[in-house]
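Okay, here's what each chain looks like letter by letter:
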Amino acid sequence: MRKITILLAFLFLVGANLANAQTRTISGKVTGSSDGSGIPGVTVQVEGTTLGTVTDIDGNYSLDVAPEAEVLVYKYVGMKSVSITIGGQSTIFVTMEADAVMMGEVVVTALGISREKKSLGYATQEVSGEDINQVKTDNFINNLQGRAAGVDLKVSNNFGGSTNVVIRGATSLTGNNQAMFVIDGVPVNNSTSNSRAQEAGGTGYDFGNVVSDINPEDIESMNILKGAAATALYGSRAANGVIMITTKKGSSHVQDGQDRVGITLNSSVQMGKVDKNTLPAYQTGYGAGYGPYYSGGDYPGLSDETNVFPGVDGLVVPFTEDASQGQAFDPSLNVFQWGAFDEDSPTFGQATPWVAGSPDPSDFFETAWTLQNSIAFDGATEKSTYRVAYTNFDQTGVMPNSSLKKNNFSFNGSYDFTDKLTVSAAASYINTQGEGRNSTGYSQNIMSMFRQWWQVNVDVNEQRDIYDATGRNVTWNRSGTHDAFPIYWDNPYWQRHENFETDSRDRLFGHMMINWELADWVNIMGRASIDTYTELQEERRAVGSIATRFGISRGDVQSGYSRYNRSFMETNFDLMANFNKNITEDLHFTGILGTNIRRTNINSIFASTNGGLVVPDLYAINNSLNDPLAAIETDSKVGVNGYYASVSFGWKNLLYLDGTGRFDQSSTLPTDEALYFYPSVAMSFIFSEMIDADWMQFGKVRLNYAEVGSDAPFASLIDTYSKPAPFGTTLFSIPDTKANNFLKPERTKSLEGGVAMNFFQNRLGFDFALYKTNTDNQIMDVAVSTATGYSRKWVNAGEIQNQGVEFIITGAPVVMKNFRWDVALNWSKNTNEVISLYEDVTNMQLGSFQGGVSINATVGQPIGTIMGTDYVYDVKDADGNITATYDQPIVLSTGYYDVTGTSDNVIGDQNPDWNGGLLNTLTYKSWAFSFLFDWQKGGDVFSLDQWYGQATGIYDDSDYINDLGNPVRNSIADGGGLINPGVKADGTPNDVRIEGNNYKAAGYARSPNVRYVYDASYIKLRNITLSYSMPQSMLAKTFIKGVTFNVTASNVAILMKNVPYADPEAGLGAGNLQGWQSGVMPTTRNFGFSVNLQF
Amino acid sequence: MKKILIILMAFLVISSCTKLEDLNKDTKRPTAVPGVTLFSNAQVNLASQIASVNVNMNVFKLWAEYWTETTYTGEANYDIINRTIADNAFEEWYRDVLMDLKDARMIIGAATFPTEAETLAAKNQLLIIDILEVFVYERMVTLWGNIPYTQALDIDNIQPKYDDAMTIYKDLLVRLDTDIAGLSTGGTESFGGADLVYHGDVPSWIMFANSLKLKMGTILSDADPTLASATINSAIAGAFTSNADNAEFYFLSATPNTNPLYVDLTLSGRQDFVATTLITDYMNPLEDPRRAAFFTFAPDTNVYLGGVYGQSSPYADFSHVGDVITTDPTLPCLLISYSEVEFYLAEAAARGFTNGTVEDHYNAGITASFDYWSVDGAADYIASAGVAYDPAKSWEEQIATQSWIAFYNNGYLGWTVYRRLGFPAMPVAVDATISEIPSRFTYPVFEQTLNPANYAEASAAIGGDLLTTKLFFDKH
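Notes on the structure in this doc start here. (Residues numbered from 1 in each chain as written. Chains lettered and ligands numbered in written order. Predicted model: local features only at pLDDT ≥ 70, side-chain atom pairs only at ≥ 80, totals over all residues. Heavy atoms only, no water.)

1. Remarks on the overall build of chain B
In terms of regular secondary structure, chain B is built from 19 helices and six strands. Compactness check: chain B gives a C-alpha radius of gyration of 25 Å against a globular reference of 23 Å for 476 residues, within 12% of the reference. In terms of overall dimensions, chain B has a C-alpha envelope of 105 × 55 × 45 Å along the principal axes. Out of the 476 residues in chain B, the part that is buried amounts to 62%. For chain B, contacts bridging at least 24 residues in sequence account for 74% of all contacts bridging at least 6. Per element, the accessible surface of chain B, about 16,600 Å² overall, is 55% carbon and sulfur. A gap of 10 Å separates the mean positions of the 28 positive and 58 negative side-chain charges of chain B. (Helix = DSSP H or I, 4+ residues; strand = E, 2+ residues; numbered from the N terminus. Rg over C-alpha atoms; globule rule 2.2 N^0.38 Å. Buried < 20%, exposed > 50% of the residue type's maximum accessible area, 1.4 Å probe, protein only. Contact = heavy atoms within 4.5 Å. Areas by Shrake-Rupley, 256 points an atom, 1.4 Å probe, with all protein chains shown as cover. Lys, Arg positive; Asp, Glu negative; His and termini not counted. Charge placed at Lys NZ, Arg CZ, Asp CG, Glu CD.)

Here's what the structure looks like:
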């Protein structure tokens, strides 16, 4: 298959340049009827061919046409198309009028079918390729942020990490809620290979979602199909909405009567710096330790030791304490710090001044660089088109020793064998190489160290210098004065340079397609597509690191090597007949009859050393200290056969009715439930056709209802045993999840309505959508009481409802001859509710996290509530009756908060209340300036960083002057301490003072979880771009056809947020479990410059 | 050309399509396995759970106040919420031990065997499985109180009701009697090498069952003296008579099958635990020779020094866990020991349940502990002031204190001695948010959300789901 595609591709490439003939040149200008000014960007095409050009900034154009060309067609969105017979003319001036019904706007819908947008009975939203390619990023999806209504994106900030893309809310409790991606009608896989443990905050890496393989340079446009009606023809897997990507195709470049190859070069460089607003600000008053108890004397926060060195006594840092509640800094005090104990340190043997480390860990982060270079060749003749492109992407991250490299080759082409038969093919090959992704979650994460467990007396540059000088793991966090081995944290530079992961992926996706026009009312499309990749993820721990869970057994080991090989292959075969007929002059019919055969095969193998490495720096399974455990293999093969039909009627450009139906037969359901059917109906009514008003050019109402069925994940029907490592004898174990051989398909039902209107010569437009989606009979592995002998069970149950509103408003407040101001506003609100769960279960735990918080689905609440301990507001008597309720938290007589004894209190909700984006674009002659704001209102996040970091006293807000005017960390006797706001049991304001100099003053030890739940709202200035295109007049005498310069800034500023010292969006990665932060990465602010040259 | 392409297309479609029925099969995992492999796995998980000192799972060496935590003192101060420790333990016992035992029972019970010897062996296997189940439930009932029992381990009932703890306990005793009566000896095989405790030796399992019965009778002493006495008296004859009878589970020398304690204390490189003042203050005046096995000297000293329980206690200042324990990856987990048996017998004699001599059993219990740790000087120790049994003094204090020391490597037993007898006088952790020593684990957090009605009923039935709720046997 792969070989055939490539072969055909080259065939077309060669064929494409063959057709040449005598030509003549036609030039002219296109102007608008309202103001007479030139219109840039109008498509000028020879009718019946793909030959064409676009007008320049002043509306001028020039086009070489073949002698036999008869008619030129001028098209522009929002204008009525114009056709002019060429005759003997060589100069043609054209005037275009605003189009009342926006005739020309064609969008790509499910299965790659092009439709007039006005005829659609469901909501779609387009985003141009240019919009998502101005800022160069490793994951183009990130650039969708703020640009599409109803799409909830969460960028994890992990290097090369995954982005959560959920359209119109989560519909599945335990399954995948990520949008589906389709390129030119062909589904592309977007899974993450992050482990379940990583997603729940365990040690691991975020390997990104694989849709990031798509090269943004290849994207012409994206169309977001939001509702079930829009995606019904895709069936099961599109229940979460679809992002349809249309790639760039070859277009004609004619010069001097010659067809020639168009060449586009793009080169960009981008620099990234961490946004310090998303990093901790450290207090600078107190150093290492947990309190004044390491010794007597004047400096009880330091250890007073004899024979620190033979015959030398002195004060020593309590090295094992990864906290900063210790001795107050005093520059005149000399203390033996970690550097005193390493003979390669410049301060070896010396006591050094007791001061805050400078620079602090923000200096750990480096400048990130992104270089992207691409070249594309394209062209078209009357019979063929082709485009070949190569992009090289080379990025380094803000963490030392991190890089991501991609090489992307793509080809597409089409050839008309006859008038009736067109063949096209496309293929992309992508090689991705990652190195040094950041660890996520709690353990083994440098960011957890910086945000939770740090000694502010440590100077990160000294940690760097000692690693650079020695190549050894010399850490600040020694096991003791005379024990250099790390206790909890390695030297961060050692960890980055020695314990890094690497990963690679080789991917090929593409398709071959035949279009055969059997008659003028019917054509047949056959398409075979493939998406396949293999990936390798390797993890290393160097000899000399602290012990951590690693490898197959997850046992504590100090060194090791593991490798995970995974291969993925999906094939799709589509055969589809399209019918297209005018039944009467006013009644138009289109129909589709088709079948889709899909097979997906994923297999993987995970192997690791056991117990450590024998030879240092040799990363191979056979270098295992103990006998390696058997590798873990998986092999999953699933398939779906689908049969579908669609009918559409259009009456007089006024009323459109669509109906679809699809049968799916899935291999993952029990045989007698494997075949299931689901329908959709949609209606579009163009009411503006019936109203003749100057102020309104277009008005449409739409309404649809759809159902989508969905199947089960692989191998959820039959029980199989798991096999633990042998214990001298063979072991088997009952699996944790109970299979279920009685599963039925799950079903999503969706009702959607909307209105779209354009006013004032299309200067103002809006699109409004309302929807309600219910998913029931969910196939899910519910968490069950482990008293059942299992922790999960596959069931069919539960119902989730999503209701929402989306607004898109576009306008052009100012349009002048040389200046134009466009505004686009997106706003959406989704309300999610769990209607029912399984049997009498009213709560389902979706994930449980360190800190004792869990993410849940509770009946009557949205999916993704955060549960944990709360403040107590009620006073109860001995029988448990409430005798008083206060509006402030109750503080115990100890001065600490009363905390609920149970963790089943809802203390937050990971879902935002609403999202919005505002894009302003200003164009002046050849200049364009745009800036994008992005809002989120609501959504909560529990911060483990604050939960621990407030207790360890590292943050600057934990060192303040108290109500008595003294440092809070003075002892109470010395006027320090603090009074927790709240009431005593008798209702009077709390007046019990607690010590402010230990881990109980704030944070995990004496606070309920709710204290560290934050509102995740934000307003971000997401990006700013300035671009300049050289006018055609300047290039007229050169061989260059176009030059554009871009200056971009992304993640420019977080204008408002409530999560302290972190980006509210940052997290573990894509998945259903959001709302928990631990050791999250800072935001990287990027500044870039790019040049685009066209020849 | 047209035709060629269509043919090519059709060919691709047909050739690549495997039948749906051939898909969705997990070809890497078995659907049927021998029952004995599940029994072995249950034993591994059982021993690992008891031996572990991982603060996410097993906190009893802390709660028995043998050890305290150096820097992160949450668990010593009875915080089991932050790390959902009760959830982890519940999961481990039900899912990873009991469920595998149940499945082993079902597989073995459903099988037919060609020879009578094999049939008899299978019968023995089923009874030994039952004995282990009783052992596990005994521990769970004394940890939580009421727990799911009659409706447990049934995936078709995902909200099992909780049974009354005392009722369960009595049922367990009945099961033990049946098991003991049913086991056939005389060279009859059982699990062979798949039994990682007794290697299939049936007489050893009979002794184990009797010793377990003795332990359970002792637990009931205050709650139901009549039943306790009858149970103890029927068990004495069959119980352990020497350390050679100990139910020991030996770990292996290589990861991942080492003693989990070796992972937690040695491989992890962490410095989480030091001795408590409580144990050093007991053992130091007695110059207890076992100190050398249990602890190291405090760094740079030649004394055994413990930290105040629950308070931050720098690792550099106090005694650590002894090398005998931390350097042996194969260190066995003791399910029931001979020393334990002798202390139960001493207690039974002191209570007047039996005619035995308190002092003899008391001395035998101490001696067995010395022997187990290969420590000399038991005789001198027993004779020394402060150790020698004195009938004039509280038997509870003397037996409890010495058995508490002897149970050093099994924190759960040490804590339970305190719960039953109120000795040794343990101080409440200094940073605790409760004002007394915990009497039980609270129920798992997930039971609150996954099994709420039964959770609420069980909580009410035992007198509230608190750490301090006294359980059915706890009457001191």
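Now that the structure has been shown, the text picks up again.
2. Observations concerning the overall build of chain A
Each helix and strand in chain A was counted, giving eight helices and 64 strands. Along the first, second and third principal axes, the C-alpha atoms of chain A reach 105 × 65 × 65 Å. Within the span of chain A, comprising 1095 residues, buried residues form 60% of the whole. Total accessible area computed for chain A in this model is approximately 40,100 Å², and 55% of it derives from carbon and sulfur atoms. Counting 76 positive and 115 negative side-chain charges, chain A places the centres of these two groups 6 Å from one another.

3. Concerning the side chain of Gln463 of chain A
Residues and elements named next belong to chain A. Relative to the helices and strands, Gln463 resides in helix H5 (residues 460-470). Judged by its relative accessible area of 0%, Gln463 falls in the buried class. When neighbours within four sequence positions are excluded, Gln463 is seen to be in contact with Trp338, Val458, Val474, Thr475, Trp476, Asn491, Pro492 and Tyr493.

4. A closer look at the environment of His497 of chain A
All names here are of chain A. Mapped onto the elements of the fold, His497 is located in helix H6 (residues 492-498). By relative accessible area, which is 30% here, His497 ends up partly exposed. Distance from His497 to Met780, taken between C-alpha atoms, is 41 Å for residues 283 residues apart in sequence. Sequence-distant contacts of His497, defined by excluding residues within four places in its chain, comprise Pro400, Asn401 and Tyr467.

5. Points about the interface of chain A and chain B
Listed per partner, the contact involves 100 residues of chain A and 82 residues of chain B. Counting each side, the surface lost to burial between chain A and chain B is near 7,700 Å², with a carbon and sulfur contribution of 61%. The interface formed by chain A and chain B includes three salt bridges. Arg95 of chain B is the partner of Asp736 of chain A in a salt bridge, and the nearest nitrogen-oxygen pair spans 3.3 Å. (Buried area = accessible area lost by both parts, 1.4 Å probe. Salt bridge = Lys/Arg side-chain N within 4 Å of Asp/Glu carboxyl O.)

6. Overview of the nonpolar core
Core analysis: the largest hydrophobic core is formed by 262 residues, its most contacted members being Trp63, Trp67, Trp144, Phe208 and Phe441 of chain B. Examining the composition of this core, we find that 14 residues originate from one element, helix H5 (residues 116-144) of chain B, more than from any other. When residues no more than four places from it in sequence are discounted, the contact partners of Phe441 of chain B are Val59, Phe60, Trp63, Ile80, Ile85, Ala86, Ala89, Leu143, Trp144 and Leu467 of chain B. Within the second largest apolar cluster, 34 residues are counted, among which are Val107, Leu120, Met180 and Tyr644 of chain A. (Core = buried A, V, L, I, M, F, W, Y, C linked by side-chain atoms within 4.5 Å.)

7. Some thoughts on a negative patch on the surface
Residues Glu47, Glu68, Glu70 and Glu382 of chain A make up a contiguous surface patch of negative charge. One can find Glu70 of chain A in the loop between strand E4 (60-65) and strand E5 (71-75). (Patch = residues over 30% accessible without salt bridge, like charges linked within 9 Å, V, L, I, M, F, W, Y side chains within 5 Å.)

8. Structural notes on the packing of helix H10 (residues 277-286) of chain B against helix H16 (residues 395-406) of chain B
All names here are of chain B. Taken N-terminus to C-terminus, the directions of H10 and H16 make an angle of 105°; their axes are 12 Å apart at the nearest point. By the angle between their directions, the pair H10 and H16 is classed as roughly perpendicular. Judged by residue contacts, Leu278, Ile279, Tyr282, Met283 and Leu286 of H10 engage Thr401, Gln402, Trp404 and Ile405 from H16. Residue composition of the contact of H10 with H16, by class: seven nonpolar, two polar and no charged. (Axes fitted to C-alpha atoms, helices over the stretch in contact; angles between N-to-C directions. Parallel < 35°, antiparallel > 145°, perpendicular 65-115°, else oblique. Nonpolar A, V, L, I, M, F, W, Y, C, P; charged D, E, K, R; others polar.)

9. Brief notes about the packing of aromatic side chains
Working definition: an aromatic ring pair is given by the centre-to-centre distance plus the angle between the planes. What the rule picks out here adds up to 92 aromatic pairs over all chains. Taking 5.6 Å as the distance between ring centres and 15° as the angle between the ring planes, the aromatic pair formed by Phe1039 of chain A and Phe1095 of chain A counts as stacked. One end of the pair, Phe1039 of chain A, is in the loop between helix H8 (1032-1035) and strand E62 (1042-1057); the other, Phe1095 of chain A, is in the segment after strand E64 (1084-1094), with 56 residues separating them in the sequence. By relative accessible area, Phe1039 of chain A is classed as exposed at 61%. Ring geometry for Tyr443 of chain B versus Tyr455 of chain B: centroids 6.0 Å apart, planes at 80°, classification edge-to-face. (Phe/Tyr/Trp six-rings, centres within 6.5 Å; stacked < 30°, edge-to-face > 60°.)

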